[in-house]
Amino acid sequence: MNKKAIIIGSGIGGISASIHLSKLGYQVDVYEQAEKPGGKLNEIREGGFRFDTGPSLFTLPNLVDNLIELSGSSSKDIFKYDKLENVCRYYFTDGTVFNAWSDTEKFASEASRVFNEPKSNVENYLTRVKEMYDLSADLFIFKPFARFSTLRSKAGKKVATKIHKLDMLLSMHKRNKRSFRSKKLVQLFNRYGTYNGSNPYKAPATLNMIAHLEHNDGAFFPEKGMYSIVTTLVDRAKAMGVKFHFNKKVDRVLVDGKKLIGVEIDHEKIEADKVISDMDVTNFYKHLMPKKKLPLRLKIMEKSSSAIIFYLGINRTFPDLDVHNILFADNYKEEFDYLFKRKRTYHDPTVYIFISNKSTKTDAPSGCENWFVMINAPVNIGQYTEEVLSDVRANVLKKINSMLNVDIESHIVFEEMGNPITIEEKTSSAGGAIYGGSSNSRLSAFLRHPNKHSKIKDLHFVGGSVHPGGGIPLCIASAGIVAEDIKNEIIDQQ
C-alpha cells in the first residue's frame, strides 16, 4: 500500500507539492478550507466580468510547464501562454508615460529617449542583475538555503567565491541611485522591492535581481488568465490520483513527541506518513500546533506588506492602458515610510491597474474592461476601520482621475474590494501579509522559515511564507525543494 501524504491548503505551493508527491508514489489528499483551490491565486466571476484575484504577473513559465510534464502530459497541448510585448506601462505625476518593452534593446532605447538615460547604464544594469540571478538562483531559490549541506554544495561554493556580486551591503534604492541618472528610472526599479512585499529603501540590493525575470527573461500571460494556472495544475493532479477536499479545514496537526501522526479534521483523526503545510506559517503554528512555541525567527522577521484591491467592472474601454499599468506616487520614499513605519495607507498611493481582458477578451463584456486596482498596504494591526477603507477608496479614485484625466467612478458597474482583513480571513495570511515575512534585512534569507520542521521529521512546509518566498515561481520552487528532500529520504531507505 502506498504511503499517505496530507497537504494542508491548495495554494500554488500545495498544488505543486501534490503533483510531486504523487509522482513519488504517495497517496495524496489535499484539504482546503475554501470552496475551491488557488488560495491567493483565485478568481471572481460576476456580471460577465472575470477577475484574477491575486498574482497577476507570470514569469518563469517553464516551472509550470515542468509540473505539467511531470504529471505525464504535454504542456504545449493543454496550457498556452504568450510573451507580453510591453511588460508594464508606467505613468508619472508630471505626465511622463513610459513603456517597459520586453525586448531588452528596445527597453534601453526607450529609457534613453524618455528619461535621457544613457543606454549603456540600462544595459549594464540588466547585465548585472542577470549575473546576480544566474549566480544565486540555485542557492537561494531552488535549494534548501541555510543548511550546511547546501552551503557546502557546488552552488554554495560558487556563491562564496563571488559573494561580492550579490550586492548585499547596499539597499536596492542606493544601488539604483548609483546606477541611473534619472530619478524616474530609479523609482521604476525600486518598485521590484514590492514583488516580495519589501521596502526598497531597506531591502538589500540583492533583490534587484527580480528585475532580471521581467526585463531579460520576459513577462508572460496565460491565454485563459492567471487562474488557469490553478485549474490546469489541479486537473493534472487529479489525473494522477490526487484527491482534493474543499470546505475542509484542518483543525490540528497531530504529533506524539517528535513523531508525526497526522491531522485532525472535524474531530476525526486522519493518519499520514507526511504532512505538508501550504498555510501561512505563522498561523500554522498559532492554530494548528498551539502547544508548540512560535519559532523565534517568525517573531523577529518583519511582516511583508499587504494590499487593498478594488475589482472594478468598467463600462468603457481605455485604449491607452495596457495589461499592466502603474500610476506612481510623487513621493515614493514617504509612501514606504507610511507602509512600514507608520503602518498607515498613504494619501497619494502608487496604483497598479491590471486589465486581463486586454489579453483575454472574454474576461469582460464587449466594450467593457475588468480592472484589478491595487495599492500596497500595511499589515492589519487593527487600523482598518470602515472610515479608513472609505478614505483609501477615495484616494485611489482621485489618483486614477487625475493621472488618466477621467471620472472613473461614473464608469463603474461592478465593484468588490479585498483588504488585509479579508485576505487573512480567506487565505489565513497573518495580518494579511501577502508574502509572510519581508526582506527588509540582510538576514531575511536566513530568517525565513525552512521547508521542513527541524524536529518533526515528516512535517514539511511550502508556499509564500517559507523559503524561498512569495510569488508563483518561488511557491513552485518550495514544492520542488520538499519533493527533493522526500526523494532523498526514499533513496536512503532503499
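Preceding this section is the structure that the text describes.
Residues numbered from 1 in each chain as written. Predicted model: local features only at pLDDT ≥ 70, side-chain atom pairs only at ≥ 80, totals over all residues. Heavy atoms only, no water.

Colleague: What am I meant to see in the environment of Leu135 here?
Modeller: Within the secondary structure, Leu135 is located in helix α5 (residues 119-140). Residues Leu135 and Ser366, spaced 231 residues apart in sequence, show a C-alpha to C-alpha distance of 47 Å. (Helix = DSSP H or I, 4+ residues; strand = E, 2+ residues; numbered from the N terminus.)

Colleague: Where do I start with the pairing of strand β7 (residues 97-101) in this structure?
Modeller: Regular strands show a simple pattern: their side chains alternate between the two faces of the sheet. Along β7, 4 of the 5 residues are buried, which leaves the element largely enclosed by surrounding structure. Of the strand pairs in this sheet, strand β6 (residues 86-91) and β7 are connected by 5 bridges, and their pairing is antiparallel. Among the inter-strand pairings, Asn86 is bridged to a residue of β7, identified as Trp101. (Buried < 20%, exposed > 50% of the residue type's maximum accessible area, 1.4 Å probe, protein only. Pairing = 2+ DSSP bridges.)

Colleague: Help me understand a positive patch on the surface, please; the structure alone is not making it clear to me.
Modeller: Residues Lys154, Lys158, Lys162 and Lys165 make up a contiguous surface patch of positive charge. Structurally, the position occupied by Lys162 is in the loop between α7 (154-161) and α8 (172-179). By relative accessible area, Lys162 is classed as partly exposed at 39%. (Patch = residues over 30% accessible without salt bridge, like charges linked within 9 Å, V, L, I, M, F, W, Y side chains within 5 Å. Areas by Shrake-Rupley, 256 points an atom, 1.4 Å probe, with all protein chains shown as cover. Salt bridge = Lys/Arg side-chain N within 4 Å of Asp/Glu carboxyl O. Lys, Arg positive; Asp, Glu negative; His and termini not counted. Charge placed at Lys NZ, Arg CZ, Asp CG, Glu CD.)

Colleague: Please clarify how the pattern of salt bridges should be interpreted in this entry.
Modeller: One side chain can pair with another of opposite charge once the charged atoms of both are near each other. As enumerated under the stated definition, the model contains 23 salt bridges in all. In this structure, Glu43 and Arg50 form a salt bridge, with 3.0 Å as the shortest nitrogen-oxygen distance. The same class applies to Glu43 as to Arg50, namely buried. Lys341 is paired through a salt bridge with Asp337; the nearest N and O atoms lie 3.9 Å apart. Residue Lys341 and its partner Asp337 are both found in helix α14 (residues 332-342); the two are separated by 4 residues, about one turn of the helix.

Colleague: Can you help me understand the side chain of Ser228 in this one?
Modeller: Among the structural elements, Ser228 can be located in helix α11 (residues 227-239). In this view, Ser228 contacts Phe79 and Pro222; residues no more than four positions away in its chain are not counted. (Contact = heavy atoms within 4.5 Å.)

Colleague: Would you mind showing me how to read unusual backbone geometry here?
Modeller: Trans peptide bonds make up the majority, and among non-glycine residues the majority have a negative phi. For the bond from His467 to Pro468, the omega torsion is 5°, close enough to zero to count as cis. Mapped onto the elements of the fold, Pro468 is located in the loop between β19 (459-461) and α18 (472-493). Positive phi outside glycine occurs at His267, with the angle close to 70°. In this structure, His267 sits in the loop between β11 (259-265) and β12 (268-271).

Colleague: What is the right way to look at the packing of helix α1 (residues 12-23) against α11 in this model?
Modeller: For any two helices packed against each other, one specifies the inter-axial angle together with the distance between the axes. Relative orientation of the contacting elements α1 and α11 amounts to 25°, with a least axis distance of 9 Å. Looking at the two axes, α1 sits roughly parallel to α11. With respect to the hand of their crossing, α1 and α11 are arranged in left-handed fashion. From α1, Ile12, Ile15, Ser18 and Ile19 reach across to α11, where they touch Ile229, Val230, Leu233, Val234 and Ala237. Tallied by class, the residues present in the contact of α1 with α11 amount to 8 nonpolar, 1 polar and no charged. (Axes fitted to C-alpha atoms, helices over the stretch in contact; angles between N-to-C directions. Parallel < 35°, antiparallel > 145°, perpendicular 65-115°, else oblique. Left-handed = near helix turned anticlockwise from the far one by under 90°. Nonpolar A, V, L, I, M, F, W, Y, C, P; charged D, E, K, R; others polar.)

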